Amino acid sequence: MHLRTRLKHLALAGAALAVVTASLPGAAAADSGDRGDRPADRGLSAVIRYTEYGIPHIVARDYANLGFGTGWAQAADQVCVLADGFLTVNGERSRYFGPDAAPDGSLSSAGTNLSSDLYFRGVKDAGTVEDLLATPAPAGPSRDLKELMRGWAAGYNAWLRKNRITDPACADAGWVHPVTALDVARRGFAVSVLGGQGRAVDGITAARPPVSPPAAPPAGTGSPGPAAPAGTAASDAVPDPDDAAEAARELFAPENATMGSNAVAFSGATTANGRGLLLGNPHYPWQGGRRFWQSQQTIPGELNVSGASLLGTAVVNIGFNDKVAWSHTVATGVPLSLHQLTLAPGDPTAYLVDGKPERMTPRAVTVAVKDGAPVTRTQWWTRYGPVVGGLGAQLPLPWTATTAYALNDPNAANLRGSDTALGFGRARSTQDIVDTLKRTQGLPWVNTIAADSAGHSLFTQSQVLPRITDELAARCSTPLGRATYPASGVAVLDGSRSDCALGSDPDAVQPGVFGPARMPVLRDTPYVENSNDSAWLANADRPLTGYERIFGTVATPRSLRTRGGIEDVTAMADRGRLTVADLQRQQFANRAPAGDMAAADAAKACTSALPEDPEVCRVIGDWDRTVNTDSRGALLFDRFWRKFTGTVKPADQWKVPFSAADPVRTPNTLNTGLPEFGKALAAAAAELRAAGIALDAPLGAHQFVVRNGERIPVSGGTESLGIWNKAEPVWNAAGGGYVEVAHGTSHVQAVGWDGSRCPVARTLLSYSQSSNPASPHYSDQTRLFAGERWVTSRFCEKDILRSPALKVEVVRG
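1. A short note on the overall build of the protein chain
Across its full length, the protein chain holds 21 helices and 32 strands. Against the 2.2 N^0.38 benchmark of 28 Å for 813 residues, the protein chain shows a C-alpha radius of gyration of 27 Å, consistent with a compact globule. Projected onto its principal axes, the C-alpha positions of the protein chain cover 100 × 75 × 55 Å. Here the contacts in the protein chain between residues at least 6 apart in sequence split such that 69% fall between residues at least 24 apart. Surface accessibility of the protein chain: about 29,300 Å² in total, with carbon and sulfur atoms responsible for 54%. When the 77 positive and 78 negative side-chain charges of the protein chain are each reduced to one mean point, those points stand 5 Å apart.

Have a look at this one:
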């Protein structure tokens, strides 16, 4: 950049900052008394400084103005994805896209637009979010958060007014509308209930009282009459407990989830300078409304935080500041419970509590439908929550003449998650992280891993969970619950007994949930690590025990990703003198623990299983046990491993069984004597050859994404291989192999401190800032990800102003 241009940019940046800060009365600006008095979409402003890869650094005088800049900048990158999500939470998908199409799945598990709309329109009609907004803090959202949401909506709307949409996904679409702060809050509600009501949307909206079959007409009288209304046949049996237990286990198994994560924090005892280190590697969808988006948010004297936000949220969800860094991993705690209702004789819409009938509350919900008449359905609610006809297709819960099931989701009363994130952004230590969690109690379905500049490390599973103690489950479980609770943590309690109420902990901010004192916590060990297993082995030398089953298991087999992660970080901690560069190497080590454990045995046994095909044996034997893009044999082993583990039960895959005394190294020794072993090898080889793919082709030639016609190879691998750098790619043999990534490594951050005022941080957003193919930031970081290169974070002013890509915008309503 020419010196003259450089000076011009610096002058612009300085002038812009002056505009923002001139009127600030020091740190008290955040408490200005006029925040709630301005019109929602006028009079707000912010300064946005863009650096490399389109990362915005947003500066504002208070929370409303910070929200304004954040909403504006998110709209500039992701307007179509955001607009689509606002249709979802307002129950308007069927109106624009038809009732039978499938939503993108980012805000609920609904199978169709109609199911999604019936649920979210029901939330809207009931005023659920309005009631939560009116709840005083700490049980309800803080004033600062409300101001952020108000500003976010104003910024989004201002961007819509002043810019032309170039993204073909919604350019000239009639469904892109201005939004309100209430819409922003509704989106936050949807994220909060993803693990509870959001998981059961189809079951809530399809639940119908049972119907008796019509009496048969007398012989010879002709037609039996009109069909009965939709509903469950009165004679349907209750679920088989063993089948339900297995279905519930699979439903909540981490390996079957579309979100996961790794994170590790190292204490100063392991690092080169005695300060903490954090590596966060969340595994989230690469498309749709659960993408992350990067920014830095600054209110001078009040807040200065950098990191990633879930789209549509006004806060940094995962990030760092000059003193502390944190990440999240999806936790094993089950954020819902069920109550089995005993129905009143002769009335399937009334249930008994202590022998007295209590009527369900019907909620008729009407949804507009494209090219058709509006659809009205009734949902049924109880003191415990909505009646639900099942948890997905795997776990039906039929509503019969005698029994129904109600779903309890405590996060349906939780709009505090963004307050938790806001508190983290203001934190100065891991102790402040702990204090924020105690005060806000807002995280619905994640663990927290953190490190700070003083050398402290922290793991905590602080979730909003139904207060299901093991004692309560033993005393109040129905026969179905006695099977599901030990297997999965899904409690099914007797809803006919008031003495089976969940109760409250004295330190909980809402009734029916666990208080902070009951949460698993581990502090200041050399490392804390989580890869979506329970809290038990956050540090393998200091196992966590004593928590209730609903939080997760103790002394049970760990996933290969957990086992591989513990091996890696333990070796790092033992080696010591760690730096941010060591975190970067760990992220892209691309070691395949399944390969280390099984490839040698597979290659040896292959000669007997496939004597006519020595090439298969040679390729697996020569594989380097990594999933780098140049790894030869990785693709063959991947396809074999998926077929083998998909047909053989986990307990039968290994000769040496799991031992709780050696949980990282057991089970082990591949069971190559099974007939499925040879069949899986042969099927994998045949599959690749039929697709015209060489058995020893480099992985990157057949694991890639396509952006604007450019094929970008990606490293990483699937959950069952145990890869830290997780990728769950989409297989399309006719298209050349794995042609897209559904979910996996998303926003990565490697953070440390060196004693200066600026954190030492490297970040990477695998799928880039924008989903608009016309944006220069549609695939720039994806190419970085493919090359295993990082973005050097520009946190301090001097670094922002030195960016060769610096672009300054002053945005106003």
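2. Structural notes on the state of the cysteines
One pass over the full model with this rule turns up four disulfides. Here C476 is linked by a disulfide to C500, with a sulfur-sulfur distance of 2.1 Å. Judged by the sign of its S-S torsion, about -85°, the cystine formed by C476 and C500 is left-handed. One end of the pair, C476, is in helix 12 (residues 470-476); the other, C500, is in the loop between strand 20 (492-494) and strand 21 (521-523), and 24 residues separate them in sequence. Accessibility expressed as a relative area gives 1% for C476, which makes it buried. Between C758 and C796 runs a disulfide, and the two sulfur atoms are separated by 2.0 Å. As the torsion about the S-S bond is roughly -120°, the C758-C796 disulfide counts as left-handed. Here C758, found in the loop between strand 29 (747-752) and strand 30 (760-765), pairs with C796, found in the loop between strand 31 (791-792) and helix 21 (797-801); they are 38 residues apart in sequence, far enough to count as distant. In this structure C796 comes out as buried when scored by relative accessible area, which is 12%. Indicated for the protein chain is the disulfide connectivity 1-2, 3-4, 5-6, 7-8, based on numbering the bonded cysteines in sequence order.

What counts, and at which threshold
- Counting restarts for each chain, with residues numbered from 1 along the sequence as it is written.
- With pLDDT at 70 or above as the cut-off, local features in this predicted model cover only qualifying residues; side-chain atom pairs require 80 or more to be listed or tallied, and sums for whole chains, interfaces and linings still use all residues.
- To get the side-chain values, take all heavy atoms of the structure and skip hydrogens and water.
- Strands here are runs of E lasting at least two residues and helices are runs of H or I lasting at least four, both read from the DSSP assignment and numbered beginning at the N terminus.
- Both definitions apply: the radius of gyration is a C-alpha atom measure, and the globule rule equals 2.2 Å times residues to the power 0.38.
- The contact definition used throughout considers only heavy atoms, calling two residues in contact when any of these lie within 4.5 Å.
- Note that accessible areas follow from Shrake-Rupley with a 1.4 Å probe, and for residues the cover is restricted to the protein chains shown.
- In this tally, Lys and Arg are treated as positive and Asp and Glu as negative; His is ignored, and so are the chain termini.
- By convention, the point assigned to a charge is CZ for Arg, NZ for Lys, CD for Glu and CG for Asp.
- In this description, a disulfide is simply a cysteine sulfur pair whose atoms lie within 2.5 Å.
- When a residue's accessible area, from a 1.4 Å probe over protein chains only, is under 20% of the maximum for its type it is buried; when over 50% it is exposed; and in between it is partly exposed.

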